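Residue-level structural notes
Chain by chain, the residues:
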Amino acid sequence: MTLITQIEDKGAVVAWSPIGQHADVIALGSKEKGGIGFDDYGGELELYDLNITKEGGDSSTPTLLGSLKTSTRFGSIAWSSASASSGIDGSNVTSTGILAGGLLDGTVNLWKPSSIMNELPDATLASVSLPNNNNDGSSSSGSAGGVSTLKFNPHADSRHLLATGTSTGHVWMMDCTTPENGSIVNVYSPGGEGAKSQGGEITQVSWNSQVSHILASSCANGTVVVWDTRQKKPWCEFRCEANCPVSDMAWNPTQGLHMMTASEGGGGHLRLWDLRASTSMPLTSLEAHAGGVLSMDWCPHDDTLLVSCGNDNRTLLWDLYSLQPIAEVPNEDVAAVNDYGNVDPSSLYGGGLSSSQQKRNDVQWSPLRRGVISTCSFNRKIQAHSVVGLATKCGRPPKWMSPGSGVSCGFGGTVVSIESQQKLVKIDTVVEHPELVEASEKFESEFAATDCITYCHTMAERAEDDYESQVWSFMQIMFETDAREQLLNYLGFDPEKINQVAMEYDEDGSNPSDAEPIPAMSKDAENVVKDALLVGNFEAAVECCFRSGNYADALVLASCGGAELWAKTQAEYFSREAKRRPFLSLVSAVIHGQLTEFVGRSDPKKWRETLAVLSTYGQSEEFPSLCAALGDRLEEFGDAANASLCYMCALDLGQAVKYWKLTLEDAGTNLLSLQDFVEKVSVFMQALDGSVDLDDEVSNLFADYSKALANQGDLVSAAKYLKGNTKDTNELRDRIYRSRFGSFCPELMASPPDFPYNYVNVGVARDLHGITLKQPVAQTQQYQEQQQPQQQEQQITYETQSFASQSNAQVQQQQPQQEAQQSSSGLPQGWVALQDPSSGRTYYANQNTGESTWDPPVAASPALAPQPEPSYSQPDASPTRSSQHAATNQMQQPQTNGAVKGATSVTTTQKVASKYGDGFVTSASNPQLAEQYGNVGTSNPYSNANRPGTAAAAVGGGQMKKAPVSGTLDSMPTLSEDYAHLQSGLLAVVEQLHASAVGGMEKKQAMESQKAVAVFIKTLARGEIDSDVANQVTTMLSALQNRDYGTASAVVTRLISNEWKDHKDWLKGMKFLVQMASKKQL
């Protein structure tokens, strides 16, 4: 059901409210006698709220908002959303606008709807009696006839204008803002003074939807007049149908020169007029009502929808795209009567209303409620219907259901938006994280404006925690020329300061002379040492010193006893004194070159002292490994933060970032933390001179950062941080390279990225009849080989004999499978359907005989079926012989008539097989093989038709068609000096055409021109173009260079007329070249 609500027992004219806050309100002006009996009680104006959008309660029952009595009945009614500036007496009528009622006594009344709703006494604004003009144009007193129609101007700047039509055929306009002669309105004719009657009752007036001063009026005599109210004269007049009243008319809501008229005659025509084209012949006619059209209205929200009602008791919804009715609005009652007391009197005396009583005489679209119409019927019912569901039967949603705007998000933070009211496509870049963009720009600008040392120093001072400050300080040290000295200073070990402290050291409260004396050596020990020295036994003397506790004497004596004794004495000394003097373990490690062992037994809590020792005593080549070992020891101890600092000293980026990644994971999805990570890694990589590759995990983090920048529209910066070759990195690199900012990325333009995806041949072809066929395995493999002919030539080399034997083996192996396939597809035994790679067409080949044809083969009688003859000695081999036999024949032919000029390389055979597109390559059907093996004069089985996927074979008398010429600019030949200017000149013109081509058509013509130039140059290099033709092309090129486009066009026309048969493969494109050059004025 489409019915929303209805008002019973009201024969009235209807006007919808144009006020947004009162969109469900309608005004009813009674057009039939009120009361009971035969007395005339005048008319009545009523305002109803239909409660269409009311929530809760009884939303289907209309509510009477107010009413007032009039002296006579209504002929028409209109409602305007007039503003205060267009108010009649300056009063505030903005809340509900102005109501105008045309009465049958020839007066027009104006009311305030707000006063009617509130039952205020000042509801009437004005009451104007229209003048009565005679047919000769003179005015006279008396009734002007009833007001049959009236309409307010819908344009915002002209809402104060009201047009009226009377039963006497006159059209009047009322200006509601210019009081004159004591009246509150000014009444005048749109045709000026002395305007005559239109010749019959004015059935409708309608303001143009696009131009505010254009008004149309329709008449019962079948004419329509379009008035120019500014010029005060008719703009045009046309007759819709002879002796047939125009019952209604309406302007197209969006096209100001399209008008629809309705005829009340027997034909029931709706005619669409295009006033730009003709006022005597309609654009089209809609015929669906039998008996005439009573009313129609054009949808204000969708200009493809129109509703009409007619004498055939039908209310139709039209689709103006198809010019057909798509639905009928039903006119049944809301519900059946349930009890006798509710029986309508009209249902008595015959059991119900006739069809003529139920038919509707008025239909209108709501100006605000989309998809809602009102209907008035002769059985005194006012109904509101929703036709939203009906409107979708045309196969598309109504325009009011289509989005008024659209948005699509693209790569690089791009947002494309459209609006239905504008003919513009807006492309914006949305920055979702401005703080990230700001931080990235700040990093790049500061890092580019200063050196690495200064930048790291600034970052260290700016750091918010101690660890970050240490990271940037260590980073600064990495760029210093005296990095190890700077490291000692940063760790708190200043050599000069330490030297000064040592020189000035004085034990508190003691005198060096008061120090505890070293224990004196006993007399016996002295004698032993002396005797040992007398005999030169230093080792015994040292041992005696150790036993007596005189370690210093032992070291002095050991220095005189050789290197071995010196080393042994040092070791013994260190073992005895290390516990009492811990610094001796450091001295031992330095002396013995055992820094690695020293790191292994060092105290992790004193890692700074250990790192200082490594910086002071470590050799340059071992320093990085020693720092890495210290970092490993700290990691084992659980100090990952300080371990990362040691890894930085080792210049080990992979180990240093481990802790940075942990802190990044703790930060979650914070992009600023990712920014800090990228900054540290990027600066670290500067210290390594880019000599290190990032691992996949770090590369993916950089890819995430680049993606985040790209999503903010900063594609140029994003391209700088694409490191490594992970899948995500390669995909993003390719997308940026192909974006509109790709040319601004020097990193990508210097080395264009590889396409990150693999091409896959699915092995499926489509034949001429649209049936998808699966290619046989051999054909699929061969097609894949044809896609990469250059790779085949470089990587694959077969001997001719092995090629033939391999082909025979393949055929024998595939025959059972292919025979089964062809028997199921309806082809004769031995035939297969294949695809020509060059054209995409399907052709048919015989596996046994080598024969091929474009037409589907027909099964032959077994008695007449040809049998292959495996004879290898005939020089003119049968054209139906299999490719394998032909290849063998070609190898075994005797060298007669000088045809064989020497051994033929295997690569040439492969080129021919690849060129001609299938495995059935015979010398009889291919000119290159025929020329190679000396059987040029053999017959051609493919006369008057090209072999599938091949060049034309020889056709009668030894005349061969020319081999095809590639239309690409690859491998362009070098022309002789006489024609070198043609090559450079034509290529320059083609380049200009490509640069200036706009739109798909021009780009296609530019490609055709390029193809033509390439074919022309290559054909000229072959010597297949006469000098006369070449000279004419020279004249054409010279004319183009001098911008003499008429001469150039004449030359091309002459060439096409005389040389088309021999040079049509490049003349067509040359014509496009001249046309585009003339158009672009190149």
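Since the structure is predicted, the reported quantities are computational estimates derived from the model, not experimental observations.

Calculation notes
- Residue positions are given per chain, counted from 1 along the sequence in the order it is written.
- Owing to the predicted nature of the model, reporting of local features is limited to residues with pLDDT of at least 70; listing and counting of side-chain atom pairs is limited to 80 or more, with chain, interface and lining totals taken over all residues.
- Excluding hydrogens and water, the side-chain values take into account all heavy atoms of the structure.
- Secondary structure follows DSSP: runs of H or I at least 4 residues long count as helices, runs of E at least 2 residues long count as strands, and numbering of each begins at the N terminus.
- Categorising residues by exposure relies on relative accessible area from a 1.4 Å probe, with only protein chains included: less than 20% of the type maximum marks a residue as buried, more than 50% marks it as exposed, and the intermediate range marks it as partly exposed.
- Note on contacts: a residue pair is in contact if any heavy atoms of the two residues lie within 4.5 Å.
- Computed with the Shrake-Rupley method and a 1.4 Å probe, the accessible areas treat only the protein chains shown as cover for residues.
- In this analysis, rings of Phe, Tyr and Trp, with Trp reduced to its six-membered ring, are considered paired at centre separations within 6.5 Å, and the interplanar angle assigns stacked below 30 degrees, edge-to-face beyond 60, and tilted for intermediate values.
- The pairing criterion is simple: DSSP has to find at least two bridges between the two strands.
- Lines are fitted to the C-alpha atoms to define the axes, a helix being fitted only along its stretch in contact, and any angle between axes, read from their N-to-C directions, falls within 0 to 180 degrees.
- What pLDDT expresses is the predictor's confidence in each residue, scored from 0 to 100.
- Here, nonpolar core refers to any group of buried Ala, Val, Leu, Ile, Met, Phe, Trp, Tyr and Cys residues whose side-chain atoms link them within 4.5 Å.
- Along the arc lie the directions from the helix axis toward the C-beta atoms.
- A patch consists of residues exposed above 30% relative accessible area that lack any salt bridge, with like charges linked at up to 9 Å and nonpolar side chains (Val, Leu, Ile, Met, Phe, Trp, Tyr) linked at up to 5 Å.
- Think of a salt bridge as a Lys or Arg side-chain nitrogen and an Asp or Glu carboxyl oxygen that are within 4 Å of each other.
- Asp and Glu are treated as the negative residues and Lys and Arg as the positive ones, with His and the ends of the chain left uncounted.
- A charged residue contributes its charge at one atom only: NZ of Lys, CZ of Arg, CG of Asp or CD of Glu.
- Between 65 and 115 degrees an angle is taken as roughly perpendicular, under 35 as roughly parallel, over 145 as roughly antiparallel, and anywhere else as oblique.

Moving on to the overall build of the protein chain. Scanning the protein chain from terminus to terminus reveals 33 helices and 40 strands. The burial tally for the protein chain puts 45% of its 1082 residues in the buried class. At a minimum sequence separation of 6, the contacts of the protein chain that also span at least 24 residues come to 53%. In the form shown here, the protein chain has an accessible surface area of approximately 56100 Å², with 49% of it arising from carbon and sulfur atoms.

Our focus in this paragraph is the packing of aromatic side chains. Summed over the entire model, instances satisfying the criterion amount to 13 aromatic pairs. Ring plane angle 85° and centroid distance 5.9 Å describe the contact between Y455 and W472, whose orientation is recorded as edge-to-face. With Y455 in helix α5 (residues 452-462) and W472 in helix α6 (residues 466-478), this residue pair connects regions lying 17 residues apart in the sequence. Neither residue differs from the other here; Y455 and W472 are each classed as buried.

To continue, consider the sheet that holds strand β19 (residues 233-239). What holds strands together in a sheet is hydrogen bonding between their backbones, with the strands either parallel or antiparallel. Taken together, the 4 strands give an open sheet; going across it, the order is β16-β17-β18-β19, and neighbouring strands pair in antiparallel fashion. In the strand order of this sheet, the two ends are held by β16 (202-207) and β19, each with one partner. This sheet shows a mean twist of 20° between the axes of neighbouring strands, independent of strand direction. Sheet topology note: the strand β18 (residues 223-228)/β19 ladder contains 6 bridges and is antiparallel. Along β19, the bridge assignment pairs V226 with C236.

Averaged over every residue, the pLDDT of the protein chain is 76; residues scoring 70 or more account for 72%. Segment residues 333-343 is flagged for pLDDT under 50; beyond a separation of four residues in sequence, or across chains, it makes 6 contacts in the model. The model gives residues 861-961 a pLDDT under 50, and that stretch makes 151 contacts with residues more than four places away or in other chains.

Within the secondary structure, T414 sits in strand β32 (residues 414-419). For T414, a relative accessible area of 7% translates into the label buried. Ignoring any residue separated from it by four or fewer positions in sequence, one finds T414 in contact with S408, C409, I427, D428 and R740.

The strand order β12-β13-β14-β15 describes an open sheet built from 4 strands, whose pairing is antiparallel. Where the open sheet ends on each side, the last strands, each with one partner, are β12 (147-152) and β15 (186-188). Geometrically, the sheet is characterised by an average inter-axis angle of 20° between neighbouring strands, direction not taken into account.

In terms of nonpolar packing, the biggest core is built from 72 residues, with M475, M648, W660 and F677 touching the most fellow members. At 8 residues, helix α19 (residues 671-687) tops the list of elements feeding residues into this core. Filtering out sequence-adjacent residues up to four positions away, M648 remains in contact with V471, F474, M475, M478, A656, W660 and F684. Residues V989, V990, A997 and A1012 belong to the second largest nonpolar core, which totals 36 residues.

Here we come to the environment of A525. With respect to the helices and strands, the residue A525 is situated in helix α9 (residues 523-534). The exposure class assigned to A525 is buried, which follows from its relative accessible area of 8%. Between the C-alpha atoms of A525 and C545, which are 20 residues apart in sequence, the distance is 7.8 Å. Discounting residues that sit within four places of it in the chain, A525 has contacts with C544 and S548.

Phi at N51 takes a positive value of approximately 55°, unusual for a residue other than glycine. Within the secondary structure, N51 is located in the loop between β4 (43-49) and β5 (63-70). On the accessibility criterion, N51 (7% relative accessible area) is buried. Positive phi, close to 60°, is recorded for R1043, a residue that is not glycine.

All of the buried residues along helix α7 (residues 483-491) are L487, L488 and L491. Down the axis, α7 shows its buried residues gathered within 100° of arc, on one side only. Buried residues along α7 sit against α6, α15 (607-617), α16 (623-637) and α17 (640-649). Downstream of α7 by one or two residues, G492 has phi in the positive range, about 100°.

Next up on the list: a negative patch on the surface. Residues E464, D465, D466 and D676 make up a contiguous surface patch of negative charge. Tracing the sequence through the fold places D465 in the loop between α5 and α6.

What follows deals with the pattern of salt bridges. All chains considered together, the criterion is met by 18 salt bridges. The partner of K69 in a salt bridge is E44, with the nearest N and O atoms 3.7 Å apart. Note that K69 is positioned in strand β5 and E44 in strand β4, a separation of 25 residues in sequence. A salt bridge links K1079 to E1002, with the nearest nitrogen and oxygen atoms 2.9 Å apart. Here K1079, found in helix α33 (residues 1045-1080), pairs with E1002, found in helix α31 (residues 999-1022); they are 77 residues apart in sequence, far enough to count as distant. Its relative accessible area of 11% is what places E1002 among the buried residues. Through salt bridges with shared partners, one network takes in E1002, K1079 and K1080.

The contact between α16 and α17 brings their axes to 8 Å, and the two run at 170°. With respect to each other, α16 and α17 are oriented roughly antiparallel. Where α16 approaches α17, its residues F623, C627, A628, L630, G631, D632, L634 and E635 are matched on the opposing element by N642, A643, C646, Y647 and C649.

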